[in-house]
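# Residue-level structural notes
Okay, here's what each chain looks like letter by letter:
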Amino acid sequence: MFLETLDVRKNDVLIYSHNRFDFNNNFKIVFKKEPVKRPRSINYFEVCEFVKEPIPKNLIVYRLLTNVPELDSYSTKYGYFIRIEGRMELIYFDPIFAIKDLRHLRFNLDPEKFRFKIQQVGLTYNGKTELEANFSEVFSFDLSAQEAQNQKDKIFADAIFAFDESFIEEEYEALSDDKVSISSLTNAGKGKDVKKISEDHQYHKNDFSKVWIEDEHGTTTFRDSKIEGLKKALGIEESKETKTFKFYKKEEGAKSHSGEDRKRKTSFSEFISNHKSEKETTNEEIKPDVPDLFSLFKSAGKKPEGRREISLKLDEI
């Protein structure tokens, strides 16, 4: 995942992930106003707070589509609900979370016939609804099997800070003994690796749908209870888990974020803004003249018009 706040003058932040199935070591945050910018660790639960906070931001997350109508969204264990264009939707911060969630999602279909897509989705802030951020979708495209298993959204941060001499590149942080990995909640810690996935080139049907939400009004309560359950399983205390987010809120204060005079353009926000304008002015498929920068915000350097519809399957049932 990738998140960039846009209009916070004092305390603008950037958050990115490594597509690791780990609550403690997967996410990094950079405070963009620091004299020396250095990535710091931020846990999954703090990221949740940043995502739903009603402040201007751009966001890249992942969506699961399947060939199972009405697959129950409330059976998710590693998904997160956010509001997109006024409706609650199940998303994942990284493809690995979606892949891991497949063993928990309930559906009535022979697993060998189960097909799915993992889409990278670009979102931009579009006001707030019920005290949470509401997003507009700017772009989405299917990931290949290789991309889904190897995607690292750190590339977006690398693009933004490419010519910033005050940015210090992070060093790989190995899992320490005193940190609890998410693998303790799964069979991954018992020698069972992630289910391998591959592309099904024989499957050409277009009847893929989003994970179904039967009762949208219950998503917030369910999301909060699921988060609390994961915290307890990981032994995370409330006083500790939001320390970065609380610091951010204290620095950010209660000032307004609206107004053209407060907009600051970055390479990524310019891309989002331009892409959004094109989407709003035409109902046709968007095939813009893609600048060189666009390839930095996608995996494998593929242009939108060069991407095909991709169907994935599980190799290990």
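Residues numbered from 1 in each chain as written. Predicted model: local features only at pLDDT ≥ 70, side-chain atom pairs only at ≥ 80, totals over all residues. Heavy atoms only, no water.

So, about the overall build of the protein chain. A tally of helices and strands in the protein chain yields eight helices and 12 strands. Counting only residues that meet the buried cut, the protein chain has 52% of its 317 residues in that class. Taking the intrachain contacts of the protein chain between residues at least 6 apart in sequence as the baseline, contacts between residues at least 24 apart amount to 74%. Of the roughly 15,600 Å² of accessible surface on the protein chain, 47% is carried by carbon and sulfur atoms. (Helix = DSSP H or I, 4+ residues; strand = E, 2+ residues; numbered from the N terminus. Buried < 20%, exposed > 50% of the residue type's maximum accessible area, 1.4 Å probe, protein only. Contact = heavy atoms within 4.5 Å. Areas by Shrake-Rupley, 256 points an atom, 1.4 Å probe, with all protein chains shown as cover.)

What follows concerns the confidence of the model for the protein chain. Confidence in the prediction of the protein chain, expressed as mean pLDDT, is 75, and 67% of residues score 70 or more. Taken element by element, the protein chain is modelled with least confidence in helix 6 (residues 238–241), mean pLDDT 48, and with most confidence in strand 6 (residues 80–84), mean pLDDT 95. Counting contacts from residues 172–194, a segment whose pLDDT is below 50, to residues more than four positions away or on other chains yields 41 contacts. The model gives residues 278–303 a pLDDT under 50, and that stretch makes 39 contacts with residues more than four places away or in other chains. (pLDDT = per-residue confidence, 0-100.)

Along helix 1 (residues 44–52), eight of the nine residues are buried, which leaves the element largely enclosed by surrounding structure. Every buried residue of helix 1 is listed here: Y44, F45, E46, V47, C48, F50, V51 and K52. Between the side-chain oxygen of the N-cap and the backbone nitrogen of F45 there are 3.0 Å, and the N-cap of helix 1 in question is N43. (Polar contact = N/O pair within 3.5 Å; in protein donor to acceptor, adjacent residues only side chain to side chain.)

Summarising the element assignment, H104 is placed in the loop between helix 2 (95–101) and strand 8 (116–129). As for H104 and Y78, which are separated by 26 residues in sequence, their C-alpha atoms are 8.9 Å apart.

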